[in-house]
Amino acid sequence: MPNLSCSVTKCGHNEDRLCVLNSIDVSGGGEKDNTCCNNFTHEQSFKNHACTPTRETHIYCQAKDCKYNDECVCMAEKIEVSPCSSDCQCEDTRCSTFTKR
């Protein structure tokens, strides 16, 4: 399972650069700016403070042209989900670890 670091501090699931969810879904592909975390939410009410966030996170990956995608599961040792730059084609996030096959 990859170690997940998330610098999208405005996400309701982010706690100290970790995700409180035990799995996330990444979609898109072709290039980093076309990928996104489908679990992103602006809603702070989704935080589950009873859950302790951990680095190890199961990542379902729909970016079929990423070299770390193995049958829709991310096999990278670690990934970084980050905010999009102004030229991103995704909404709020991107998988900065995406590497084209």
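Residues numbered from 1 in each chain as written. Predicted model: local features only at pLDDT ≥ 70, side-chain atom pairs only at ≥ 80, totals over all residues. Heavy atoms only, no water.

**Structural notes on the side chain of Thr97**
Put simply, the test is: What counts as a helix is a DSSP run of H or I of at least four residues, what counts as a strand is a run of E of at least two, and both are numbered from the N terminus. Using a 1.4 Å probe on the protein chains alone, a residue whose accessible area is under 20% of its type maximum counts as buried, one over 50% counts as exposed, and one in between counts as partly exposed. Any two residues whose heavy atoms approach within 4.5 Å at even a single point are treated as in contact.
Checked against the element boundaries, Thr97 lands in the segment after β10 (93-95). On the accessibility criterion, Thr97 (17% relative accessible area) is buried. Leaving out residues up to four positions away in the same chain, Thr97 has contacts with Tyr68, Ala76, Lys78, Ile79 and Glu80.

**Observations regarding the sheet that holds strand β1 (residues 3-6)**
Our working definition: Any two strands between which DSSP finds at least two bridges are classified as paired. Angles run from 0 to 180 degrees between N-to-C directions of axes, and those axes are lines fitted to C-alpha atoms, restricted for helices to the stretch in contact.
A sheet is described by the order of its strands in space; here three strands give the open sequence β1-β9-β10, paired in mixed fashion. Two strands lie at the open edges of the sheet, namely β1 and β10, each paired on one side alone. For this sheet, the mean angle separating the axes of adjacent strands, direction not counted, is 20 degrees. Across three bridges, strand β9 (residues 78-83) lies against β10 in antiparallel orientation. Across the sheet, the residue bridging to Pro83 is Thr93, located in β10.

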